[in-house]
Amino acid sequence: MTRFIKLFTNIINMSSRDKFETFKNVFDNKTLLTLFKLSSDGYFEELKSPISIGKESNVFNAVKKDGSLVCVKIYRVNACDFRKMYQYIAHDPRFSGLQKKRRQIIKAWAQREYRNLLVAREAGADVPTPYAVRDNVLVLEFIGDKEAAPKLKDKEPEDYKKFSNQIIKNIKILYKKGFVHGDLSEYNILNYKDKAILIDLSHGVKLESPNSQELLERDIKNVERYFLKRKIKMDVQKILKEMKK
Ligand SMILES: Nc1ncnc2c1ncn2[C@@H]1O[C@H](COP(=O)(O)OP(=O)(O)OP(=O)(O)O)[C@@H](O)[C@H]1O
Ligand SMILES: [Mg+2]
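Right, let's talk about the layout of surface pockets for a bit. Approximately 850 Å³ is the volume attributed to the largest pocket. Lining the largest pocket are 33 residues, with Ser52, Tyr187, Asn188, Ile199 and Asp200 positioned closest to its centre. Those elements that provide at least two residues to the lining of the largest pocket are strand E1 (46-53), strand E2 (57-63), strand E3 (69-75), helix H4 (82-90), helix H5 (102-122) and strand E5 (137-141). Ranked by residue count, the leading element in the lining of the largest pocket is E3, at three residues.

On to the packing of aromatic side chains, then. Applying the stated criterion across every chain, the model contains two aromatic pairs. A ring pair is formed by Tyr160 and Phe227, whose centres lie 6.5 Å apart and whose planes are at 75°; its orientation type is edge-to-face. Of the two residues, Tyr160 is situated in helix H6 (residues 160-176) and Phe227 in helix H7 (residues 212-228); the sequence distance between them amounts to 67 residues. Under the relative-accessibility criterion, Tyr160 is labelled partly exposed at 22%. Phe227 gets classed as buried once you look at its relative accessible area, which sits at 0%. Pairwise contacts between aromatic rings join Tyr160, Tyr226 and Phe227 into one cluster. Taking NZ or CZ as reference, Arg112 lies 4.9 Å from the ring centre of Trp109, over its face.

Taken together, 19 residues sit near ligand 1, with Ser57, Lys73, Glu141, Lys151 and Asp200 positioned nearest. Glu56 has a polar side-chain atom sitting 2.9 Å from an oxygen atom of ligand 1. Across the complex, the protein chains shield 90% of the 610 Å² of accessible surface that ligand 1 would expose by itself. Taken atom by atom, the bulk of ligand 1 overlaps the largest pocket. Residue assignment for the shell around ligand 1 shows that the elements contributing at least two residues are E1, E2, E3 and E5. Each of domain 1 (2-141) and domain 2 (152-244) accounts for three or more of the residues forming the shell around ligand 1.

Moving on to the coordination of the magnesium ion (ligand 2). All of the protein donors around the magnesium ion (ligand 2) are Asn188 (OD1) and Asp200 (OD); their distances to the metal are 2.2 to 2.3 Å. Of the two residues, Asn188 sits in the loop between strand E6 (179-180) and strand E7 (189-192) while Asp200 sits in the loop between strand E8 (195-198) and strand E9 (205-206), which places them 12 residues apart along the sequence. A relative accessible area of 8% places Asn188 in the buried class.

Let us look at the nonpolar core. Ranked by internal contacts, the top residues of the largest apolar core, which has 38 residues, are Ile167, Ile171, Ile189, Leu216, Ile220 and Phe227. Those elements giving two or more residues to this core turn out to be H5, E5, H6, E6, E8, H7 and helix H8 (236-244). Per-domain counts for this core show at least three residues from each of domain 1 (2-141) and domain 2 (152-244). Among the nonpolar cores identified, the runner-up in size contains 17 residues, and Leu38, Leu47, Ala62 and Val70 belong to it.

Between H6 and H7, the least distance of the axes is 11 Å, while the angle of their chain directions is 175°. Comparing the axis directions of H6 and H7 gives the class roughly antiparallel. Counted together, Tyr160, Phe163, Ser164, Ile167, Ile171 and Tyr175 of H6 and Gln213, Leu216, Ile220, Val223, Tyr226 and Phe227 of H7 form the full contact between these two elements. When grouped by side-chain class, the residues that make up the contact of H6 with H7 number 10 nonpolar, two polar and no charged.

Here we come to the sheet that holds E2. Pairing within the open sheet is antiparallel, and its five strands lie in the order E1-E2-E3-E5-E4. Looking at which strands have only one partner, the edges of the open sheet turn out to be E1 and strand E4 (130-134). Strand-to-strand twist of the sheet, defined as the mean angle between neighbouring strand axes without regard to direction, takes the value 25°. Inspection of the sheet shows E4 paired to E5 by four bridges, in the antiparallel sense. Bridge pairing in E5 places Ala132 opposite Val139. Helix H3 (residues 29-40) rests against E1, E3, E4 and E5 of the sheet, and its axis sits at about 40° to E5. Against the sheet, H5 engages E3, E4 and E5, with an angle of about 160° to E4.

Moving on, we come to the domain arrangement of the protein. Annotation of the protein at the domain level lists domain 1 (2-141) and domain 2 (152-244). A straight line from the C-alpha centre of domain 1 to that of domain 2 covers 24 Å. In this assembly, 21 residues from domain 1 lie in contact with 20 residues from domain 2. Between domain 1 and domain 2, a total of about 1,700 Å² is buried, with carbon and sulfur atoms accounting for 60% of that surface. The interface formed by domain 1 and domain 2 holds three salt bridges in total. Run the count over domain 1 and domain 2 and you get 11 residue pairs in polar contact (both at pLDDT 80 or more). Elements supplying a minimum of two residues to the side of domain 1 that touches domain 2: E3 and H5. In terms of residue count, H5 provides more of the side of domain 1 that touches domain 2 than any other element does, seven residues in total.

Here is what the cut-offs are and how they apply
- Residues numbered from 1 in each chain as written.
- Chains lettered and ligands numbered in written order.
- Predicted model: local features only at pLDDT ≥ 70, side-chain atom pairs only at ≥ 80, totals over all residues.
- Heavy atoms only, no water.
- 1 Å grid on protein atoms, 1.4 Å probe; cavity = no way out; pocket = protein on both sides within 12 Å on 5 of 7 lines; lining within 4 Å.
- Points joined across faces, edges and corners; volume = space filled by probe spheres on them.
- Helix = DSSP H or I, 4+ residues; strand = E, 2+ residues; numbered from the N terminus.
- Phe/Tyr/Trp six-rings, centres within 6.5 Å; stacked < 30°, edge-to-face > 60°.
- Buried < 20%, exposed > 50% of the residue type's maximum accessible area, 1.4 Å probe, protein only.
- Lys NZ or Arg CZ within 6 Å of the ring centre and 35° of its normal.
- Near = heavy atom within 4 Å.
- Polar contact = N/O pair within 3.5 Å; in protein donor to acceptor, adjacent residues only side chain to side chain.
- Areas by Shrake-Rupley, 256 points an atom, 1.4 Å probe, with all protein chains shown as cover.
- Sits in = over half its atoms within 2 Å of the grid points.
- Domains from an automatic or database assignment.
- Donors = N, O, S within 2.8 Å, 3.2 Å for Na, K, Ca; no water.
- Core = buried A, V, L, I, M, F, W, Y, C linked by side-chain atoms within 4.5 Å.
- Axes fitted to C-alpha atoms, helices over the stretch in contact; angles between N-to-C directions.
- Parallel < 35°, antiparallel > 145°, perpendicular 65-115°, else oblique.
- Contact = heavy atoms within 4.5 Å.
- Nonpolar A, V, L, I, M, F, W, Y, C, P; charged D, E, K, R; others polar.
- Pairing = 2+ DSSP bridges.
- Buried area = accessible area lost by both parts, 1.4 Å probe.
- Salt bridge = Lys/Arg side-chain N within 4 Å of Asp/Glu carboxyl O.

Laid out in structure tokens, this is it:
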């Protein structure tokens, strides 16, 4: 019980409006139990503050026993557009046989992000290290110092060329490992001290998936569009050719 109270002390102390926003659709009983189990396994002691209240997930930072921070991403079981999620994940050979049940789909979605992060990290890509996944909750490396690193959309890089090359380098690493990010844009790239960190890999699909090439082009074009606005030109066709060599 004490552990349970400690886990949520910060949340309990939040203002009621913030609390409403945070609790809304995210802390159902099963999710509370999952958080409790992860905490018992030592992944974190206390949920601190929300970093992002999104459509599909809520992201918090949490403190470990040694005082270091981790990131906890909780997929919303109730608010998620699970029908759309099912369509996205149904083609993924890793999740064949998945039934169209809300909780199962959301669990698969969290699993997919965990696995994609693991493969990407092991291949040397600049993504947060995943630590654990359980049901709809993912624990991963916190990118930032005290504050979470800003998204690329909120912080301009010092050196555009260098930053765009870092992104392309990472897209290539993922491709070599057999998958594409699938939802890449300035919203899913963090600018951590001028280093590009790719996040939100839950949409990541294997190259065998029928839509992988379309998603790859979309990812690169989103990056191209961002940099073109800043007068940095990228040769998308050349990048694609290089990747497929
Ligand atoms: N590892 C991390 N370290 C620091 N901040 C993070 C980390 N992961 C996510 N964030 C913050 O939380 C926000 C939301 O995370 P993310 O993009 O993974 O979820 P989302 O957009 O809600 O996911 P989805 O697209 O599936 O709805 C990010 O934009 C970023 O600001
Ligand atoms: Mg995102």
